[in-house]
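Residue strings, one per chain:
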2 protein chains.
Amino acid sequence: MAQRTSPAAEEPNRRAELVRAAGRLFREQGYDATTIRDIAAAVGMRSGSPFYHFKSKQDLLKTVVLEGMHAALAAIEAVLAQRLPPRETFHALIRAHLDTILVSGGDFAPVLLHEWRSLSPESRAEIVASKDRYEKIWQKTLTDLKRANLIADDSSLARLLIIGSINWTAQWYRPDGKLSIDKLAKRTANFFLLS
Amino acid sequence: MAQRTSPAAEEPNRRAELVRAAGRLFREQGYDATTIRDIAAAVGMRSGSPFYHFKSKQDLLKTVVLEGMHAALAAIEAVLAQRLPPRETFHALIRAHLDTILVSGGDFAPVLLHEWRSLSPESRAEIVASKDRYEKIWQKTLTDLKRANLIADDSSLARLLIIGSINWTAQWYRPDGKLSIDKLAKRTANFFLLS
DNA sequence: GCCAGTCAACCAAGCAATTGCTTGGTGAAT
DNA sequence: ATTCACCAAGCAATTGCTTGGTTGACTGGC
């Protein structure tokens, strides 16, 4: 947990560079296919140096995924804080989720997606907590939508199908294509809403 | 009885056992995390023997994915051949897709999903052909549904969102849970259809 | 019925490369 | 002089894959 007592929480240092480089490489090549040497070289270090900042490769993966998950959670909680009407909340949630998944720098989501099994059980437990909160926010929004007759089904299956379709965009969306994330969010929201 | 004309296409031999075992292990542990020794042991061989049947580990992965992809394509083409009305075709397509993805023995889909990047470019090209045909079938069904006013949107985005949500079931569906694949297919179809 | 020959299918053993990670040191800043 | 952040070198284990043999089933010729 909180292991750093003196230097607060986040330093703008090489440690952060390692996390960013690792995130990118994990996404591009996968966890197993990425070597410590790759990550070290990406920030101009030698092969053994990352172990000064992280006690193992697993630890690096865990940091990448956890920091990303926290950022994602913060994003949709910021949406909730705006207290928009259901329809707009739905759209904003989709927009936030797409941003988290698709925008450059957000490498964590694909990594979390693909390398879930590479995580230790303890790391997974930490993530599940955030995931539960994430899902609760969505579920509540769906319930509000149903109450406003803007959606036909607010079951947890509906939530899984909706979030699933959005998560899947990571598989086919190309940032250099014609479809902007803005438009994608709008069209996706309309697709799921009635009328 | 044994009327194998040539040893060309499909023998019930050890080779098939290797493909099945590899598929299962690739899904459970990932491609990189699965060793040739794992696969060999799973069928009672020694570490070097699989290389009699496959020239490399990559070749094994390619076989797993390609055979699975062809089976999946065959499944939905069988649905098309039934010439059901749009609504029933839609339901049957979802059912077939879920079967391909979720049913035991169908390990290829999660593997294809996760280990796409581990494939050589040539292997990918072979798969893309099947994928294109797969998508065309879906797209045509969506167009028919729209014509019958059973769906609001038949754009390719709609197709991506629908297929995406179904593909994502592989991430959360548990065969030992309360929800049968039959029910899941039915409820999913109803979720996307109007009224 | 017998036996050399063939071939498919495997094993036993190991090689070369790669891997995560460790250890002892080093220059700069404090 | 101590600490921080890193390097240089390498170790032990694992990996995909190769090579040369071995076994059993099946031939064909006599």
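For the structure itself, look to the data block above.
Values in this document were obtained by computation on a predicted structure and should not be read as measured data.

Definitions and limits used
Residues numbered from 1 in each chain as written. Chains lettered and ligands numbered in written order. Predicted model: local features only at pLDDT ≥ 70, side-chain atom pairs only at ≥ 80, totals over all residues. Heavy atoms only, no water. Helix = DSSP H or I, 4+ residues; strand = E, 2+ residues; numbered from the N terminus. Buried < 20%, exposed > 50% of the residue type's maximum accessible area, 1.4 Å probe, protein only. Areas by Shrake-Rupley, 256 points an atom, 1.4 Å probe, with all protein chains shown as cover. Salt bridge = Lys/Arg side-chain N within 4 Å of Asp/Glu carboxyl O. Near = heavy atom within 4 Å. Polar contact = N/O pair within 3.5 Å; in protein donor to acceptor, adjacent residues only side chain to side chain. Nonpolar A, V, L, I, M, F, W, Y, C, P; charged D, E, K, R; others polar. Phe/Tyr/Trp six-rings, centres within 6.5 Å; stacked < 30°, edge-to-face > 60°. Lys NZ or Arg CZ within 6 Å of the ring centre and 35° of its normal.

K.L.:
Which parts of the structure should I look at to understand the overall build of chain A?
P.N.:
Helix and strand counts for chain A come out as nine helices and zero strands. Taken from the N to the C terminus, the helices and strands of chain A come in the order α-α-α-α-α-α-α-α-α. Dimensions of chain A, computed from C-alpha atoms along their principal axes, come out at roughly 60 × 40 × 30 Å. Residues classed as buried in chain A amount to 47% of the 195 residues present. For chain A, the exposed area adds up to about 10,200 Å²; of that, 52% sits on carbon and sulfur atoms.

K.L.:
Would you mind showing me how to read the pattern of salt bridges here?
P.N.:
Here the idea is simple: oppositely charged side chains can pair when their charged atoms come close. All names here are of chain A. Going through the model one piece at a time under the given rule, you end up with 18 salt bridges over all chains. Close ionic contact of Arg95 with Asp99 constitutes a salt bridge, the shortest N to O distance being 3.3 Å. Linking Arg95 with Asp99, this pair stays in helix H5 (residues 86–102), spanning four residues, or about one helical turn. Overall, the relative accessible area of 25% leaves Arg95 in the partly exposed class. What emerges from the salt-bridge pattern is a single network uniting Arg95, Asp99 and Asp182.

K.L.:
So what exactly am I meant to see when it comes to unusual backbone geometry here?
P.N.:
Residues other than glycine predominantly adopt negative phi, and peptide bonds predominantly adopt the trans conformation. At A:Arg83, a position not held by glycine, the phi torsion is positive, near 55°. When you line up the elements, A:Arg83 lands in the loop between helix H4 (57–81) and H5. Since its relative accessible area comes to 75%, A:Arg83 is described here as exposed. With a phi close to 60°, B:Asn149 is a non-glycine residue in the positive phi region. With respect to the helices and strands, the residue B:Asn149 is situated in the loop between helix H7 (121–147) and helix H8 (156–172). With a relative accessible area of 61%, B:Asn149 lands in the exposed category.

K.L.:
Where do I start with the protein's contact with DNA strand D in this structure?
P.N.:
Looking at DNA strand D, there are 18 residues lining it, with A:Arg14, A:Arg46, A:Ser49, A:His53 and B:Lys57 nearest. Of what DNA strand D places within 4 Å of the protein, 65% of the atoms are sugar or phosphate. B:Ser47 is positioned such that a nitrogen or oxygen atom in its side chain is 3.5 Å from a base nitrogen of DNA strand D. Take B:Lys57: an N or O atom from its side chain is 2.7 Å from a phosphate oxygen of DNA strand D. Looking at the surface near DNA strand D residue by residue, the class counts come to four nonpolar, nine polar and five charged.

K.L.:
Just checking my understanding: could you explain the packing of aromatic side chains for this structure?
P.N.:
What characterises a pair of aromatic rings is the spacing of the ring centres plus the angle enclosed by the ring planes. Under the counting rule described, the total for this entry stands at 11 aromatic pairs over all chains. Arranged with centres 6.4 Å apart and planes meeting at 70°, the rings of A:Trp172 and A:Tyr173 form a pair that is edge-to-face. Among the aromatic residues, those joined into a cluster by ring pairs are A:Phe191, A:Phe192, B:Phe191 and B:Phe192. Note that A:Lys57 overlies the ring of A:Tyr31, its terminal NZ or CZ placed 4.4 Å from the centroid.

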